[in-house]
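Structure at a glance
Residues per chain, in single letters:
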Amino acid sequence: MKNSSRNIRHLSLNDIEEYFTTMGEKKFRAKQVYEWLWLKPVGSFDEMTNLSKEIRQKLKDDFTLPALKTDHTQHSEDGTFKSRFKTHDGHFVEGVLIPTASGRYTACVSSQIGCSLSCKFCATGYMDRKRNLEFDEIYDEVVLLNNLCEKEYGKKLSNIVFMGMGEPLLNYKNVLRAIEHITSPDGLAMSPKRITVSTAGVAKMIKQLGDDKVKFKLALSLHAANDKKRHEIMPINDTNDIHALIEALNYFYRQTKNEITFEYILFKNLNDSLKDADELIKVYRQVPADLVNIIEYNPIDAASFEKPDEKKVEAFMEYLAKHRVNARLRRSRGKDIDAACGQLANKEG
Ligand code: SF4
C-alpha cells in the first residue's frame, strides 16, 4: 500500500516499527526514525543521516514530513525575538522568544492560523481563522524557538505559554498532543509545570481539561470583571459568561489542583477604575487563583483602545495589594517589533 500522502509524524513508534518489519527491515530502524522526528527533529528525510540512502528514499516515497519552517525573525531592542513560521500549505503563524532578567527564556506559541474569537483589543482577532495547527506544527514552533534560544543565548527554553495566535481550547486535541510530545522523554522532556495554556474562556473545555487531569497551568484572559464590559471587548463572553467561567475554573482546580492565573489588560477608562478593581477582587475571591497578571496594553492599528496613565495603574495595583490580591504588573516586551501581547498579526517586519 502506498502511503505517500501520510504525515509520518502522525504515526506512533509502534506504527513505524510495523512499517519496517513489513518491509523486512530491522525493528530498531523505527526508533532511529522516531528520534529524528521528535528527539532531535529534522525538517526532511535527507537529514536522517544514520539511515541508508535507500531507506531514506523509501520513506520519501511512502510518507510526507510537512515541517514548519522559520520564514523571518525579528529582534527587539529588549532581547525579545519574534519568528514568523511558514506551514507546508503556505500559511504563516508567529511565535515569540522572551528572555527575562530572572534568567527565564519563555516561548509564546500559536495554536491556530488566525482566530475566530474576535477579541477587540487583539490584532489576531481581526484576522480570519484559516485552520487549526496540527500537533506536529505546534511542536515545531517550540523546537524552532528552542533552537533560536540556544543559538542566541546558549540556553534551552525554560517556559512555554500558549498565548500566541488562536484559542488553544478550540484546538484542544492538537494542543494536548503537542504538549504530550513536549513533555515526553522522547521529545523535549520539559516539565508540564513550566507550560501555561491561556484561554479567552471556553467553559466546557476548561472542564474537559479537568476531566483529562492535565498537568500544566491554566491562565484565563479575564480583562473585565463584569459581563457587560467583558462582552464589549470579548464577544465570547456572550456564550461563556463570568459565572460559567468561575464554575469551570473551580471544577478544573478540584480535578487537577493546578495553578490558575488571571490575565487582566488595563484599558484607559474602560476597566481601570477602583470600582473595576473591586469587581476583579470579587471574581478573584471566587476562584482558587494563584495570581493576577495586570498587563500593559499594547496599541494595535485596528483598534482605538489606550493604555491608562501611570498614576491610574499605580492606584489600581495599590488597591489590589491593599486587598491582599497576589497581583503582578507585566510590562510588555518586544513592542518595537509588534511581538507584545495582542500584537501578533503576521505583519511584515
Ligand atoms: S486574544 Fe486570543 S482568543 Fe482573543 S482574538 Fe486574540 S488570539 Fe483570539
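This text follows the structure it describes.
Described in the following lines is the structure provided in the data block. Owing to the predicted nature of the structure, the values given are computational and were not obtained by experimental measurement.

**Let's talk about the overall build of the protein**
Tallying secondary structure elements over the protein gives 10 helices and 14 strands in all. What you see for the protein is a C-alpha radius of gyration of 22 Å, in line with the 20 Å of a compact globule of 349 residues. Relative to its 349 residues, the protein shows a buried fraction of 54%. Across the protein, every contact between residues at least 6 apart in sequence was considered, and the portion connecting residues at least 24 apart equals 66%. For the protein, the exposed area adds up to about 16,100 Å²; of that, 49% sits on carbon and sulfur atoms. The distance from the centre of the 53 positive side-chain charges to the centre of the 50 negative ones in the protein is 3 Å.

**Some points on the pattern of salt bridges**
Oppositely charged side chains are able to pair whenever their charged atoms sit close together. Enumeration over the complete set of coordinates arrives at 25 salt bridges. Linking K60 and D46 is a salt bridge whose minimum nitrogen-to-oxygen distance equals 3.0 Å. Residue K60 is found in helix 3 (residues 53-62), and its partner D46 is found in the loop between helix 2 (28-39) and helix 3; the two are separated by 14 residues along the sequence. With relative accessibility at 35%, the residue K60 sits in the partly exposed group. The exposure class assigned to D46 is partly exposed, which follows from its relative accessible area of 43%. One salt bridge in this structure joins E306 and K268, with 3.9 Å as the shortest N-O distance. Of this pair, E306 sits in the loop between strand 13 (291-296) and helix 10 (310-322) while K268 sits in the loop between strand 12 (260-266) and helix 9 (274-285), and the two are 38 residues apart along the sequence.

**So, the sheet that holds strand 12**
Within the open sheet, the 10 strands sit side by side as 3-4-5-6-9-10-11-12-13-14. Their pairing is mixed. Each having just a single partner strand, strand 3 (69-75) and strand 14 (327-330) make up the two edges of the open sheet. If you compare each strand with its neighbour and ignore which way they point, the axes differ by 25° on average. Examined bridge by bridge, strand 9 (residues 159-162) and strand 10 (residues 195-199) share 3 bridges and lie parallel to one another. In the sheet register, I160 faces strand 10, and the bridge partner there is I195. In the packing of helix 9 onto the sheet, contacts are made with strand 12 and strand 13, and the angle to strand 12 comes to roughly 165°. In the packing of helix 10 onto the sheet, the strands contacted are strand 12, strand 13 and strand 14, and the crossing angle to strand 14 comes to about 160°.

**Observations concerning the nonpolar core**
In this structure, L59 and F262 are the most contacted members of the largest nonpolar core, which totals 112 residues. For this core, the element with the most residues is helix 4 (residues 135-153), which contributes 8 residues. With residues up to four places along the chain from it excluded, the contact list for L59 reads I8, Y19, F20, V33, F45, M48 and L51.

**So, the site of the ligand**
Around the ligand, the neighbouring residues are C115, L117, S118, C119, C122, T124, G125, G164, G166 and A200. Its residues assigned to classes, the shell around the ligand shows 5 nonpolar, 5 polar and no charged.

Conventions adopted
In this convention, every chain numbers its residues from 1, walking through the sequence in written order. Reporting in this predicted model follows two pLDDT cut-offs: at least 70 for local features of residues, and 80 or more for side-chain atom pairs to be given and counted; totals over whole chains, interfaces and linings ignore these cut-offs and use all residues. Note that water and hydrogens are dropped before the side-chain values are worked out from all heavy atoms of the structure. A helix here means a DSSP run of H or I that spans at least four residues, while a strand means a run of E at least two residues long, and both kinds are numbered starting from the N terminus. Computation of the radius of gyration draws on C-alpha atoms, with the globule rule given as 2.2 Å multiplied by the number of residues to the power 0.38. Here's how the labels work: a residue is buried when its accessible area is under 20% of the maximum for its type, exposed when over 50%, partly exposed in between, all with a 1.4 Å probe on protein chains only. Contact definition: two residues touch when any of their heavy atoms are within 4.5 Å. Accessible areas in this description were obtained via Shrake-Rupley with a 1.4 Å probe; residue shielding takes into account the shown protein chains only. Counted charges follow a simple rule, with Lys and Arg positive, Asp and Glu negative, and His plus the chain ends left uncounted. To locate a charge, take NZ of a lysine, CZ of an arginine, CG of an aspartate or CD of a glutamate. The term salt bridge refers to a side-chain nitrogen of Lys or Arg lying within 4 Å of a carboxyl oxygen of Asp or Glu. Here, a strand pair is defined by DSSP locating no fewer than two bridges between the strands. Here the axes come from fitting lines to C-alpha atoms, over the contacting stretch only for helices, and the angles between their N-to-C directions go from 0 to 180 degrees. The criterion is simple. A nonpolar core is a set of buried Ala, Val, Leu, Ile, Met, Phe, Trp, Tyr and Cys residues joined through side-chain atoms within 4.5 Å. One heavy atom within 4 Å of a molecule or strand makes the whole residue count as near it. The classification used treats Ala, Val, Leu, Ile, Met, Phe, Trp, Tyr, Cys and Pro as nonpolar, Asp, Glu, Lys and Arg as charged, and all other residues, Gly among them, as polar.

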